[in-house]
Amino acid sequence: MGEGRAIPATPQEAADIETLNAMMGGSLDPAHALRLLRKHKNNLEKAASALLEGDNGEDDTGPYADMPNLEPLDAPTVGPRTPPRTSSLPVIDLTKDDDDNELARALQASLEDQPTTFGPSNRAPDPNWAMVPSNAEVGAPSGMSQDEQAMSRAIEASLSYNITEDIFEELPLEERVRKGDTPIALRPTASGLAYAALILHGLFFVPQVRNAIAEWLPKPDHGGDEANLTEITPPTTGPAYQVWTLLELFANMDLARLSELCVDAAMNAFAAEPWSSPAERPGDVSSRKPCFYERLASVVEHTLHQNNIGNPESTQHRLFSLQYGRHDAEPDDASRDNLCCVKVSVGLNPDANDLVSSLAAELAPDPDKVASAKRQVILEPSEVIAFQLIRDAAPPSYDAAVGRRSERAIFKFPKSVYLDQFMKESYELANEKRGAQRKLLQDVKELETKKKNLLHYNDKDTLADLQSCLYYYQNVAESNDDPKRSEELQENQQKLARIIERIQDEAKDIDSTIARLKTEANGMLDCPELQKHQYDLRAVIVHDGLFGRSHLYSYVKCKGKWWKTMDYMVTEVPEDTVLNDPAGLHLGAGPYFLLCSRTMSQEEEDARAPWPDNIKDSVKHNNRIFFQQLPPEVASQVVDPNSPPSSPYIAPTPSEHTIESDTVEPPVSRDEPMDTTD
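Each value, and the rule that gives it
Residues numbered from 1 in each chain as written. Predicted model: local features only at pLDDT ≥ 70, side-chain atom pairs only at ≥ 80, totals over all residues. Heavy atoms only, no water. 1 Å grid on protein atoms, 1.4 Å probe; cavity = no way out; pocket = protein on both sides within 12 Å on 5 of 7 lines; lining within 4 Å. Points joined across faces, edges and corners; volume = space filled by probe spheres on them. Helix = DSSP H or I, 4+ residues; strand = E, 2+ residues; numbered from the N terminus. Nonpolar A, V, L, I, M, F, W, Y, C, P; charged D, E, K, R; others polar. Disulfide = S-S within 2.5 Å. Patch = residues over 30% accessible without salt bridge, like charges linked within 9 Å, V, L, I, M, F, W, Y side chains within 5 Å. Areas by Shrake-Rupley, 256 points an atom, 1.4 Å probe, with all protein chains shown as cover. Salt bridge = Lys/Arg side-chain N within 4 Å of Asp/Glu carboxyl O. Lys, Arg positive; Asp, Glu negative; His and termini not counted. Charge placed at Lys NZ, Arg CZ, Asp CG, Glu CD. Core = buried A, V, L, I, M, F, W, Y, C linked by side-chain atoms within 4.5 Å. Buried < 20%, exposed > 50% of the residue type's maximum accessible area, 1.4 Å probe, protein only. Pairing = 2+ DSSP bridges.

Undergrad: So, the layout of surface pockets: which residues are in play, and what are the values?
TA: Quantified by volume, the largest pocket comes out at close to 1400 Å³. Lining the largest pocket are 36 residues; nearest its centre among them are Asp351, Ser357, Ala360, Gln437 and Leu441. When residues of the lining of the largest pocket are traced back to their parent elements, those giving at least two are α11 (355–363), β10 (416–418), α13 (427–455) and α15 (483–522). Looking at which element gives the most residues to the lining of the largest pocket, the answer is α13, with 10 residues. Along the lines of polarity and charge, the residues of the lining of the largest pocket split into 15 nonpolar, 9 polar and 12 charged.

Following this line, the structure appears as structure tokens:
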């Protein structure tokens, strides 16, 4: 006979199966029970004994020795199909006589150290029988929880991402009207350049950068009297062309009434390299030297220094680059160097999972741990400082989370930071304060050890044990009307109560002292002498760990409000969201670029930059053209807060930053090839 299925259980066999199942706690597979019954000639007692001994009912003589009668496979199946038991623990029957030392086995099992676990089952669920949530999926690799599977799927999706699917979406004109003072989004056509566009976007919201660019004008190409110049010819080559491109872009971001601008011209001007691989971090300075931001900062600062009508003496102004070196370096020491982007390692030290602590760990190491450490200090500060947050190349697995808590915790950065403790002029004072801080933190560790020894012994909670003993004497122990016994119980209660009270009081005193010392240590460097160089957070760029333009976004501060920009979408967010964004936490990503600058009054921050008149007029004329292209019902509701152009209307030659491609062409002067040399 061909393939077949066992004959369904008879009514008597079905009753015996229910008996065996009840004896096993309701977790027995009916097919398993049926095999055992037939193997032992339907003898219920023998089948039960065999079941307790671990017999699964199969016979070595052949797979069908115990069920000779078969029916075709298309015969109907009687009864449900129960998933097989997954437990491998021996079953102890305490309902029968103790002929086989069952009670002894039970007592022995109860003494074994088997930690109790709580939570969802790790058993792969059967859709027909699952009664509780499971951390394991059907078909998932053994031992993988849902967190691990989710991270694995995210990484797989990132690696399989097709950049051609991330198409530049051009919105209808009526959806591109800027509302009030909402920041303008910068959008490159190529998805891989979104990181660079966000850097340009963030720089506009740094007041010092915005004003420096607005006040800049290039020197004339062929000499002449700079004081009598009536019109500046836009440069077409070299670094001056790049800065002029930035000038036009920033003026449009301030005055244009479009909600978004195309920045392909700026990307070409600065030769931005695309982010083209999920394995690469966007804008990572470790993979591109120099990175986009470093090249941009170097070009702008050099041009403002060497090619600036407003700086005839070519006086160096540290807009982006600070100077640093050893704390004992002489003024002419060759070891001095310039830096515009400070790299900060994230996650290496769980005790330094914030910006200031990470900087202190690298710039001011403990002299007891780093012998003869040569401290690096800031010799000359800059107006703007950028922080590149560097994380491990690969995110930790879920099982490694206990040992890598810093990778699972949000990296903290403040809305304002004082850099005095890292400057040469404050070296002696900061060193003295930091030494006192280390002493306080050492005292805290000693107190924590003392408290642990007070409350624990041999990994047991002694206070809990004492409280259990007190409960016994108060509520369980009986005097049996024996006065002496009653007196002993009362005396023991009083002794235990006094001991517990003394331990609790001492633990409370230790906690109070620890809190006081931590507060004192945390505020050790918060003194007026070390709070002269305040830098405020201006922009944050975030990567959520996946690949594509929709997985990068920024936060910028504009007129006291924080705004989130992702592609063309700009929304207002609370400050707490900016400082505590958990995006990318489980993929080893998150905030990776911070822009800070010297603190300014709110009035200075909000003041409009002094853009050149010809550029302002160009932007205002472009606004008029844009309004004319809008549907009448939309145009009637648009309000332009800008003043009218100061020059008469001319034939439209809008800037290449205008996003309308069918009516706007780049100025003729930009058709020449770009020369990046001086």
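This is not the end of the story, as more comes after the structure.
Undergrad: I'd love a proper account of the state of the cysteines, names of residues and values included.
TA: Evaluated as defined, the whole model comprises 0 disulfides. Summary of cysteine pairing: cysteine 340 is not part of a disulfide, and the nearest cysteine sulfur, belonging to cysteine 341, is at 6.1 Å.

Undergrad: How would you sum up a negative patch on the surface? Please name residues and give values.
TA: Together, Glu169, Glu174, Glu175 and Glu633 make up a region of like negative charge exposed at the surface. By the element assignment, glutamate 169 lies in the loop between α5 (146–159) and β3 (185–187).

Undergrad: Would you mind going over the nonpolar core in detail, with residue names and values included?
TA: Counting residues in hydrophobic clusters, the biggest one holds 76 residues, and the most contacted among them are Leu249, Phe250, Phe292, Tyr293 and Phe320. Grouped together as the second largest cluster of nonpolar side chains are 31 residues, Val342, Ile385, Phe411 and Tyr555 included.

Undergrad: Describe the pattern of salt bridges, with residues and values.
TA: Inspection of every chain in the model, using the stated rule, returns 16 salt bridges. As a salt-bridge pair, glutamate 383 and arginine 598 come within 3.5 Å of each other at their nearest N and O atoms. Here the residue glutamate 383 occupies a position in the loop between β8 (376–380) and β9 (384–390), and arginine 598 occupies one in strand β17 (residues 590–598), the gap between them amounting to 215 residues. Residue classification places arginine 598 among the buried positions, given a relative accessible area of 19%. Salt-bridge contacts for arginine 538 lead to glutamate 605; the nearest nitrogen and oxygen are separated by 2.8 Å. You can see arginine 538 sitting in strand β13 (residues 534–543) and its partner glutamate 605 sitting in helix α17 (residues 602–606), a full 67 residues away along the chain. Connected through shared salt-bridge partners, Arg187, Glu260, Arg549 and Asp567 make up one network.

Undergrad: Got a sec to walk through empty space enclosed by the protein? Specific residues and values, please.
TA: Scanning all chains against the criterion turns up 6 cavities of 30 Å³ or more. Roughly 80 Å³ of internal volume is contained in the second largest cavity. Within the residue set of the lining of the second largest cavity, elements represented by two or more residues are β3 and α6 (194–204).

Undergrad: Pulling in residues and values, what's your account of the pairing of β17?
TA: Within β17, 9 of the 9 residues are buried, leaving the element largely enclosed by the surrounding structure. Examined bridge by bridge, β9 and β17 share 5 bridges and lie antiparallel to one another. Note on β17: the bridge partner recorded for glutamine 388 is phenylalanine 593. Of the strand pairs in this sheet, β13 and β17 are connected by 8 bridges, and their pairing is antiparallel. Considered in β17, the bridge of valine 540 is made with leucine 594.

Spatial relationships are all this shows, so hold off on functional conclusions.
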